[in-house]
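# Examining the three-dimensional arrangement
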Amino acid sequence: MRRAARVFGRRAGVVTFSFRGHGRSGGRSTVGDREVLDLAAAVAWARELGYARVATVGFSMGGSVVLRHAALYKDAADGARTDAVVAVSAPARWYYRGTAPMRRLHWVVTRPAGRLVGRYGLRTRIHDRDWDPVPMPPVEAVPLIAPVPLLIVHGDRDPYFPVDHPRMLAAAGPAELWLEPGMGHAENAADDALLARIADWLAVP
């Protein structure tokens, strides 16, 4: 993530943060639900710092968060709205277990032993309560984002979410889709050249 911020920082100011329950942030992760509030606070803070145009970029779970945030805060009058959105390696729908990495992730999230692994092995504190109500799926958020520009980026070798996820998101549009040959999952798989292309896309108002 620091590498991505450095690449983006060559073109614009960058604000990074950890979602609730991650790293040194307080609270417990809700795995994409209430994290929308964290992002809204970060966007509003960026505007308080003086940035007139604020874009959001999210990877994996963060990709689902930027999509839902853009839909829910599109008309926000408190500065929490975004001016452009990029979702990288984002899921289109919830509860997906079609790949081995996602089955392991669901074990971490839903089992007490898994949450201990998350806390001590992954430095992520996960809430033990189920979603209630279930948040809007990313694919349902996408059509609510327009006219805010939206870019969907996904690798064709993503081990977590196969290519039907980005195609579903883009079809729900309007959105631009970059399906990257040979790319795996999220920020670790996004090389500097791809990050620079994303920065260039965001730089065009």
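Here the structure is a predicted model, which means the values were calculated and not measured.

## Points about the overall build of the protein
- Of regular secondary structure, the protein possesses 9 helices and 4 strands.
- When its C-alpha atoms are laid out on the principal axes, the protein stretches across 45 × 35 × 30 Å.
- Out of the 205 residues in the protein, the part that is buried amounts to 49%.
- A separation of at least 24 residues holds for 75% of the contacts in the protein among residues at least 6 apart in sequence.

## Some points on the nonpolar core
- Among the nonpolar cores identified, the biggest contains 27 residues, and Leu-67, Val-85, Ile-145, Leu-150 and Leu-169 are the most heavily contacted of them.
- Going through the elements one at a time, α2 (35-48), α3 (61-72), β2 (84-88) and β3 (150-155) are the ones with two or more residues in this core.
- A per-element tally of this core places α3 first, with 6 residues.
- Sequence-distant contacts of Val-85, defined by excluding residues within four places in its chain, comprise Thr-56, Val-66, Leu-67, Ala-70, Ile-145, Val-148, Pro-149, Leu-150, Leu-151 and Trp-201.
- Counting 19 residues, the second-largest nonpolar core is a separate cluster that includes Phe-8, Val-86, Ile-198 and Leu-202.

## Some details on the pairing of strand β1 (residues 55-59)
- Of the strand pairs in this sheet, β1 and β2 are connected by 5 bridges, and their pairing is parallel. When the sheet's bridge partners are listed, Thr-56 is paired in β2 with Val-85.
- The parallel pair β1 and β2, bridged by α3, forms a crossover whose chirality is right-handed.

## Focus: the pattern of salt bridges
- For the structure on display, the rule yields 9 salt bridges.
- Residue Asp-38 pairs with Arg-20 through a salt bridge whose shortest N-O separation is 2.7 Å. Of this pair, Asp-38 sits in helix α2 while Arg-20 sits in the loop between α1 (2-9) and α2, placing them 18 residues apart in sequence. Comparing Asp-38 with Arg-20, the two get one shared label, buried.
- Here Arg-68 and Asp-33 are joined by a salt bridge, their closest N and O atoms 3.9 Å apart. One end of the pair, Arg-68, is in helix α3; the other, Asp-33, is in the loop between α1 and α2, and 35 residues separate them in sequence. Pair check on accessibility: Arg-68 and Asp-33 agree, each one buried.
- One salt-bridge network, held together by shared partners, links Arg-47, Arg-81 and Asp-83.

Analysis parameters
- Residues numbered from 1 in each chain as written.
- Predicted model: local features only at pLDDT ≥ 70, side-chain atom pairs only at ≥ 80, totals over all residues.
- Heavy atoms only, no water.
- Helix = DSSP H or I, 4+ residues; strand = E, 2+ residues; numbered from the N terminus.
- Buried < 20%, exposed > 50% of the residue type's maximum accessible area, 1.4 Å probe, protein only.
- Contact = heavy atoms within 4.5 Å.
- Core = buried A, V, L, I, M, F, W, Y, C linked by side-chain atoms within 4.5 Å.
- Pairing = 2+ DSSP bridges.
- Right-handed = clockwise from strand over helix to strand, strands pointing away.
- Salt bridge = Lys/Arg side-chain N within 4 Å of Asp/Glu carboxyl O.

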